[in-house]
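Here is how the chains run, residue by residue.
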Amino acid sequence: MKSSYDIIVVGAGHAGCEAAAAAANMGSKVLLITMNMQTIAQMSCNPAMGGIAKGQIVREIDALGGYSGIISDKSAIQFRMLNRSKGPAMWSPRTQNDRMLFASEWRYMLEQTPNVDFWQDMVKGLLISEDGKRVEGVISGMGIEFKAKAVVLTNGTFLNGVIHIGEKQFGGGRTGESAAYGITEQLVKLGFESGRMKTGTPPRIDGRSLNYGKMEVQGGDEVVDKFSYLDNTSPFIPNEKGEVKKQIPCHVTYTNQDVHDILKTGFEKSPMFAGRIQGLGPRYCPSIEDKITRFSERERHQLFVEPEGWNTVEIYVNGFSTSLPEDVQQKALELIPGFEKVKMFRPGYAIEYDYFPPTQLKTTLETHLIDNLYFAGQINGTTGYEEAACQGLMAGINAHLKVNEKEAFVLNRYDAYIGVLIDDLVTKGTEEPYRMFTSRAEYRLLLRQDNADVRLTPLSNKIGLASDKRLASVKIKIKSAEEVVSFFKNTSAEPAEVNPYLESLDSAPVSQKIRYFNILSRPNVSIREMAKHCKELSVFVAPIKTDAIDEAENLIKYENYIIKEKENADKMKRLDDYIIREDFDYSLISSLGAEARDKFKKFRPRTIGQASRLSGVNPSDISILLVHLGK
């Protein structure tokens, strides 16, 4: 049996699903190969999407035409906008999700997407051209050859995966599922460098055995937002029939010294402390045993008790990731407030797996060594559904563009958090699981979660992914926001109307008419609240959609900061506009520093901007390079 496709995507996790959807929606014939059709888009760890910086990524995926935002909204059981007490650059949407509904919605949307075929099997190898320079397809575990013009590998934690629970260890890519073998060994023979990483997951709990009265309640937002810029994607926003669902709360509890003491009794059997785990784990999501060791001065650690869905009692104990023996896990859990009679569904475990340092990739996520071969997700050393999904989206887009001989689609650091993530990976690499944070972005005031559609939908529409309907909606939003800004700059508020509002905020009243623009610049003043007191403003904003009002409010409040940040971004953009030929011979430039020359040869930077961000490269090296490129 032989079949031919434009693009084959290996793995149906978050990266693989977005890669398949993007390429297919752009017109490629796609085959999605997964080891288990029943675990497409499985949430292997916590049942949630978004959060700090990650929420921005989900919004960007949606703005580009990906599916993650829509599916996160449809399967949400709770919505929260994190960091509302801080500036808008830090606001991050997050949903708690129904794990099974999330996966079924993903599968449904993929099955409704033209051009996507499915095949259940392990991929044990790649078909490589005779000259060893180009991928031509894959070989399945059953020995079936599938031909393709491009291949996207999104293997997650399955490459030579090993699961650890105390002194027990066994092969697996996820609990109850086999690991994948063969690909790593072949890629290493082809010249790729590989490494090992580790991640973990907490025990799953029977919610009926918990005493929630001893825990803090953490409910969802009263005013609910959503990820997707499309209409009617959230169950918490009334639909055309006025129907709306009630959010499910999470709960918060804490460990204590007794819990820590019990956990320590299992350290001698811990695979992490005994040295059986060689891979590095995520610095910002450590196991509970790692936390009580690294932060021994803390008497307690916060735990989030997260429901797994609408119709299940299964609970995810966020903050209690562990690979200690299951009996130690049970004893420790019983000492947590509210967990005195706890029953486990399954213990927590650690998993070790292969990854490939991402400095072996171009900014398109295509490998330097093998043409038309793309890596996305945990194979690149990242951690998190959102980080994986955005890589899959970009790999799928660029695989489609490459096989159709079109210009690559690259997002820069000033375009999107996705651009920051990919630039960090291919320019700096990573030796531990990479997670996105707002602090990684230099231009986070430009990369707010509320304006992802304004930034990215026009770019995506140009390459044929984001729909014309999405683009039309963005144009209306931009026009409306501009009208609001103009109104605020040219219209004055009456003291008698605005002063009661200002006084309620302990803000100084005004003695004469003053531009709305100046009033909005004050702390805690918002357009919608001010409109409740000012008739002219109320009439003006009534027909304008909330997202346009929010966009205008941010543009007004932070105008000077945004202008300054755009100026800085423009300086970087000028360097990124200088494209370096892929076959440029750096050995011809004798005046380059030795370290810079070696780095340029190894990383093959796509632009002068990327070259300038490589460690060990000095400004003088960039000046010399510019001269030799004739810039």
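Refer to the preceding data block for the structure.
Note that the structure is a prediction, hence the values are computed from the model and not measured. (Residues numbered from 1 in each chain as written. Predicted model: local features only at pLDDT ≥ 70, side-chain atom pairs only at ≥ 80, totals over all residues. Heavy atoms only, no water.)

A.B. asks: Please set out the sheet that holds strand β12 (residues 195–201) residue by residue, giving values where relevant.
C.D. replies: Taken together, the four strands give an open sheet; going across it, the order is β11-β10-β19-β12, and neighbouring strands pair in antiparallel fashion. Sheet topology places β11 (168–171) and β12 at the edges, where each strand pairs with a single neighbour. Between one strand axis and the next, the sheet turns through 25° on average, direction left out of account. (Pairing = 2+ DSSP bridges. Helix = DSSP H or I, 4+ residues; strand = E, 2+ residues; numbered from the N terminus. Axes fitted to C-alpha atoms, helices over the stretch in contact; angles between N-to-C directions.)

A.B. asks: Provide a residue-level description of the packing of aromatic side chains, including the pertinent values.
C.D. replies: Each aromatic ring pair is specified by the distance between its two centres and by the angle formed by the two planes. Inspection of the entire model under this criterion finds 13 aromatic pairs. Measuring from centroid to centroid gives 6.3 Å for Phe236 and Trp310, while their planes differ by 50°, and the two rings are tilted. On the criterion of sequence distance, the pair formed by Phe236 in the loop between β14 (216–218) and β15 (250–254) and Trp310 in the loop between β16 (302–307) and β17 (314–318) is long-range, its members being 74 residues apart. A relative accessible area of 7% means that Phe236 is categorised as buried. Taking the relative accessible area as the measure of exposure, Trp310 reaches 23% and is therefore partly exposed. (Phe/Tyr/Trp six-rings, centres within 6.5 Å; stacked < 30°, edge-to-face > 60°. Buried < 20%, exposed > 50% of the residue type's maximum accessible area, 1.4 Å probe, protein only.)

A.B. asks: Residues and numbers for the environment of Trp119, please.
C.D. replies: Structurally, Trp119 can be placed in strand β6 (residues 116–120). When the C-alpha positions of Trp119 and Val10 are compared, they lie 9.8 Å apart, and in sequence the two are 109 residues distant.

A.B. asks: Any details on helix α11 (residues 452–462)? Residues and values, ideally.
C.D. replies: Residues spaced three or four apart along an α-helix point in a common direction, a consequence of the helix completing one turn every 3.6 residues. Listing the buried residues of α11 in full gives Ala452, Asp453, Arg455, Leu456, Thr457, Ser460 and Asn461. Its buried side turned inward, α11 meets α2 (54–64) and α12 (468–490). The first or second residue beyond α11 is Gly464, which carries a positive phi of 95°. (Contact = heavy atoms within 4.5 Å.)

A.B. asks: Residues and numbers for helix α1 (residues 14–25), please.
C.D. replies: End to end, α1 covers 17 Å across 12 residues, agreeing with the expected 16 Å (1.5 Å per residue, within 8%). Most of α1 sits inside the fold, with 11 of its 12 residues counted as buried. Restricting attention to buried positions, one finds in α1 the residues His14, Ala15, Gly16, Cys17, Glu18, Ala19, Ala20, Ala21, Ala22, Ala23 and Ala24. Directly beyond the C-terminal end of α1, a positive phi value near 115° is found at Gly27. (Expected span 1.5 Å × (residues − 1).)

A.B. asks: So what's going on with the pattern of salt bridges? Residues and values would help.
C.D. replies: Here the structure, examined in full by the defined rule, presents 38 salt bridges. Each of Arg413, Asp423, Asp424, Lys428, Glu442, Asp576 and Arg613 takes part in salt bridges that share partners, so that together they form one network. (Salt bridge = Lys/Arg side-chain N within 4 Å of Asp/Glu carboxyl O.)

A.B. asks: Describe the side chain of His400, listing the residues and the values that go with them.
C.D. replies: Here His400 lies in helix α9 (residues 385–403). His400 gets classed as buried once you look at its relative accessible area, which sits at 5%. A distance of 2.6 Å separates the side chain of His400 from the side chain of Ser28, its partner in a polar contact. Residue contacts for His400: discarding those within four places in its chain leaves Ile7, Ala23, Met26, Gly27 and Ser28. (Polar contact = N/O pair within 3.5 Å; in protein donor to acceptor, adjacent residues only side chain to side chain.)

A.B. asks: How would you sum up the pairing of strand β9 (residues 145–153)? Please name residues and give values.
C.D. replies: Within a regular strand, the side chains alternate between the two sheet faces. Bridging between strand β8 (residues 135–140) and β9 involves three bridges; their strand directions are antiparallel. In the sheet register, Ile139 faces β9, and the bridge partner there is Glu145. Joining the antiparallel neighbours β8 and β9 is a turn of four residues, in which Gly143 adopts a positive phi near 85°. Relative to strand β20 (residues 373–375), β9 is paired through three bridges, and the arrangement is parallel. Across the sheet, the residue bridging to Val152 is Tyr374, located in β20.

A.B. asks: Lay out the environment of Val252 in plain terms, naming residues and giving numbers.
C.D. replies: Tracing the chain through its elements places Val252 in strand β15. We classify Val252 as buried; its relative accessible area is 4%. Through-space distance from the C-alpha of Val252 to that of Asp468 is 44 Å; in sequence the pair is 216 residues apart. Among all residues touching Val252, those that are not within four sequence positions of it are Met215, Glu216, Gln218, Gln302, Leu303 and Phe304.

A.B. asks: Can you explain the pairing of β11? Please cite residues and give values.
C.D. replies: Sheet analysis places strand β10 (residues 162–165) next to β11, joined by four bridges and oriented antiparallel. Bridge pairing links His164 to Gln169 in β11. Counting the residues that bridge the hairpin from β10 to β11 gives two residues, and of these Gly166 lies at a positive phi of roughly 60°.

A.B. asks: I'd like a rundown of unusual backbone geometry, residues and numbers included.
C.D. replies: One non-glycine residue, Leu365, lies in positive phi territory at about 75°. Within the element layout of this structure, Leu365 appears in the loop between β19 (349–355) and β20. The backbone of Asn372 shows a phi angle near 70°, a positive value even though the residue is not glycine. Structurally, the position occupied by Asn372 is in the loop between β19 and β20.

A.B. asks: Pulling in residues and values, what's your account of the nonpolar core?
C.D. replies: Ranked by internal contacts, the top residues of the largest apolar core, which has 102 residues, are Ile8, Leu153, Leu373 and Ile418. Element by element, the count of residues in this core is highest for α9, at 11 residues. Setting aside chain neighbours within four positions, we find Ile418 in contact with Ile57, Glu60, Ile61, Leu64, Cys390, Met394 and Leu411. In this structure, Tyr501, Tyr516, Met530 and Ala552 belong to the second largest nonpolar core, which totals 26 residues. (Core = buried A, V, L, I, M, F, W, Y, C linked by side-chain atoms within 4.5 Å.)

A.B. asks: Residues and numbers for the packing of α11 against α12, please.
C.D. replies: Where α11 contacts α12, the axes come no closer than 9 Å and their chain directions differ by 145°. The crossing of α11 and α12 is left-handed. In contact with Asp453, Val454, Thr457, Pro458 and Asn461 of α11, α12 contributes Asp468, Arg470, Leu471, Val474, Lys477 and Ile478. Partitioning the contact of α11 with α12 into residue classes produces five nonpolar, two polar and four charged. (Left-handed = near helix turned anticlockwise from the far one by under 90°. Nonpolar A, V, L, I, M, F, W, Y, C, P; charged D, E, K, R; others polar.)

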